Amino acid sequence: MEATPQSSPPAPRRPRSWRAYLLVEAVLLAVLVGSGGLASAAGVLTAAPEQPEGCQRPDRTMQLYAMELPRDPETGQIRLGYGTSAESASYPGPTIEMVEGECLAITLHNEVPATTLAQLRTDPNHPLGVSLHVHGVKYTQQSDGTVHSGSFVPSGQSRTYLWYAQKRNPEAGTPGTAGYWWYHDHVVGNAHGTQGLNSGLFGGVVVRRPGDPRPDRTYVSVFGDRQTINLRRGAAADTCDPYNPQPGPTCLVARKGERVEFIVIGIGNDMHTWHLHGHSWADTRTGVLTGEGAAVDNTPIIDNRTLGPGDSFGLQVIAGDSVGPGHWMLHCHMQFHSDAGMSTMLHVLDENGQMPPGHGHH
Ligand SMILES: [Cu+2]
């Protein structure tokens with residue numbers, strides 16, 4: 001064991017910044033004489049977030065833009081969105097897919113004007129910014145996306161967040177991070193990002209294990225207050241052109257036989273249930289049921305699942321399997337919610353991409 005001078009307590013372990021990785025490595029060749037050398041060299045150079053353990057350097061990088069979008073046509077509320085480019089920002093934002101073991105660096109560019117953020121602020125002393133906070137995967141304080149940790153982005157600036165999809169390790173007792181999660185702002189308006197959520201700064205995350213079934217399409221279904229699906233309800237929740245449906249946040253469409261994945265997220269203050277007509281799924285991590293015997297018999301098959309604020313789950317179904325094409329309702333089964341417009345459709349086309357005659361318009 002190394003001797004430590006009494007006058008200076010051992011420095012806390014400080015992982016290296018990945019951005020400074022190459023520079024630090026060069027410096028280390030010259031200065032690394034003991035375990036303390038690593039900490040002091042990194043301490044000077046750290047500018048990007050510290051890494052979660054197991055995440056030495058990013059396997060992949062991506063850019064994310066926070067943008068102001070046109071106001072809600074029904075309510076006039078401010079709308080914000082994330083996008084992989086400034087032009088593609090939407091609510092929900094892009095689905096971010098990871099595989100267990102992967103380390104992802106996401107650089108968030110806040111292009112929302114400070115004047116807009118000021119309108120959403122409920123406390124005049126609250127800082128103006130946007131952040132990225134994620135559920136399920138691992139991150140350090142510097143990637144928490146909160147005000148108290150200073151991990152948010154003022155207007156016109158950028159910041160890199162590091163997410164680590166920790167692997168399952170039965171020996172160490174770590175359950176892994178595979179699952180259906182979500183990301184969202186945590187600073188717009190107040191310390192909980194309530195106005196960021198209300199304005200559209202959220203999106204889905206899926207962490208897969210190697211070998212998981214891959215979907216043909218993924219849709220994100222965010223159930224929120226005012227009986228909204230992705231902040232919309234009624235006709236605004238389903239804007240499919242019946243003759244040329246284009247998949248998107250307000251048009252859920254698939255061909256018969258396609259594997260369709262849903263990422264379901266609860267925001268706001270209300271409880272909901274997520275119900276899809278004509279399709280059912282296994283109540284497992286993926287919604288898919290494999291294997292034999294008791295594990296199969298003991299797994300419920302469901303077509304309706306309870307969703308509370310902050311919850312997320314996912315599932316995969318084969319579109320139209322044994323039930324055929326048609327306009328399949330997708331709605332909250334709390335009756336006063338569906339009656340108020342918390343309802344949309346999964347439009348299942350035939351194998352040729354057509355809605356067969358006789359199915360009418362919804
Ligand atoms: Cu509901």
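Rules used throughout
Residues numbered from 1 in each chain as written. Predicted model: local features only at pLDDT ≥ 70, side-chain atom pairs only at ≥ 80, totals over all residues. Heavy atoms only, no water. Helix = DSSP H or I, 4+ residues; strand = E, 2+ residues; numbered from the N terminus. Buried < 20%, exposed > 50% of the residue type's maximum accessible area, 1.4 Å probe, protein only. Contact = heavy atoms within 4.5 Å. Areas by Shrake-Rupley, 256 points an atom, 1.4 Å probe, with all protein chains shown as cover. Donors = N, O, S within 2.8 Å, 3.2 Å for Na, K, Ca; no water. Pairing = 2+ DSSP bridges. Axes fitted to C-alpha atoms, helices over the stretch in contact; angles between N-to-C directions. Disulfide = S-S within 2.5 Å. pLDDT = per-residue confidence, 0-100. Salt bridge = Lys/Arg side-chain N within 4 Å of Asp/Glu carboxyl O. Phe/Tyr/Trp six-rings, centres within 6.5 Å; stacked < 30°, edge-to-face > 60°. Lys NZ or Arg CZ within 6 Å of the ring centre and 35° of its normal.

A.B. asks: Outline the overall build of the protein, listing residues and values.
C.D. replies: Of regular secondary structure, the protein possesses six helices and 19 strands. Residues counted as buried form 48% of the 362 residues belonging to the protein. Here the analysis covers contacts within the protein between residues at least 6 apart in sequence; of these, 71% occur between residues at least 24 apart. Accessible surface, the protein: about 17,100 Å² in total, of which carbon and sulfur atoms supply 51%.

A.B. asks: Break down the coordination of the copper ion for me, citing the residues and quoting the values.
C.D. replies: Around the copper ion, the donor atoms from the protein are H272 (ND1), C332 (SG) and H337 (ND1), and they sit 1.9 to 2.1 Å away. Donor residues for the copper ion, ordered by position in the chain, follow H-x59-C-x4-H. In this pair, H272 is assigned in strand β13 (residues 272–276) and H337 in helix α6 (residues 335–339), connecting sequence segments 65 residues apart. Comparing H272 with H337 shows no difference in burial state: the two are buried.

A.B. asks: How would you sum up unusual backbone geometry? Please name residues and give values.
C.D. replies: That bond from Y91 to P92 is cis: its omega, -5°, falls within 30 degrees of zero. In this fold, P92 is placed in the loop between β2 (79–83) and β3 (96–99). At R226, a residue that is not glycine, the phi angle is positive and equals roughly 60°. With respect to the helices, strands and loops of the structure, R226 is situated in the loop between β9 (217–224) and β10 (228–229). At L231, a position not held by glycine, the phi torsion is positive, near 70°. With respect to the helices and strands, L231 occurs in the loop between β10 and β11 (252–255).

A.B. asks: Break down the sheet that holds β3 for me, citing the residues and quoting the values.
C.D. replies: The sheet built from four strands is open, its strands ordered β3-β8-β7-β5 with mixed pairing. Edge positions in the sheet fall to β3 and β5 (133–134), since each has one partner strand and no second.

A.B. asks: Talk me through the sheet that holds strand β16 (residues 304–307); I want residue IDs and the actual numbers.
C.D. replies: What the five strands build is an open sheet, ordered β11-β19-β18-β13-β16; its pairing is mixed. Since the sheet does not close on itself, it has two edges, and those belong to β11 and β16, each with one partner. When strand polarity is set aside, the average angle formed by the axes of neighbouring strands in this sheet is 20°.

A.B. asks: An account of the state of the cysteines is requested, with residue identities and associated values reported.
C.D. replies: Under the definition given, this model contains two disulfides. Covalent S-S linkage joins C55 and C103, the inter-sulfur distance amounting to 1.9 Å. Placement of the pair is C55 in the loop between α2 (35–45) and β1 (60–69) and C103 in strand β4 (residues 103–110), with a sequence separation of 48 residues. Sulfur-sulfur distance for the disulfide between C240 and C251 comes to 1.9 Å. Disulfide C240-C251: the torsion about the S-S bond is 100°, which places it as right-handed. Linking C240 in the loop between β10 and β11 with C251 in the loop between β10 and β11, this pair joins segments that are 11 residues apart in sequence.

A.B. asks: Could you give me a rundown of the confidence of the model for the protein, with the residues and numbers involved?
C.D. replies: Looking at the protein, pLDDT values average 88 and 86% of them are 70 or higher. Scored below 50 in pLDDT, residues 1–47 makes 43 contacts in the model with residues more than four places away or belonging to other chains.

A.B. asks: Got a sec to walk through the pattern of salt bridges? Specific residues and values, please.
C.D. replies: Going through the model one piece at a time under the given rule, you end up with 11 salt bridges. Of the charged contacts in the structure, one is a salt bridge between R226 and E74, with a shortest N-O distance of 3.8 Å. Here the residue R226 occupies a position in the loop between β9 and β10, and E74 occupies one in the loop between β1 and β2, the gap between them amounting to 152 residues. For E97, the salt bridge is made with R208, and the minimal N-O distance between the two is 2.8 Å. Of the two residues, E97 sits in strand β3 while R208 sits in strand β8 (residues 202–208), which places them 111 residues apart along the sequence. Exposure remark for E97: the relative accessible area of 33% places this residue in the partly exposed category. Residue R208 is classed as buried on the basis of its relative accessible area of 2%. Through salt bridges with shared partners, one network takes in E97, R208, R214 and E261.

A.B. asks: Quick rundown of the packing of aromatic side chains? Include the residues and the values.
C.D. replies: Taken as a whole, this structure holds six aromatic pairs when the rule is applied. Residues W274 and F313 carry aromatic rings whose centres are separated by 6.4 Å and whose planes lie at 90° to one another, so their mutual orientation is edge-to-face. Here W274, found in strand β13, pairs with F313, found in strand β17 (residues 312–318); they are 39 residues apart in sequence, far enough to count as distant. Classification of W274 by relative accessible area gives buried; the value is 0%. Taken together, the ring pairs connect Y219, F262, W274, W281 and F313 into an aromatic cluster. Sitting above the plane of the Y91 ring, R79 keeps its charged end 5.6 Å from the centroid.

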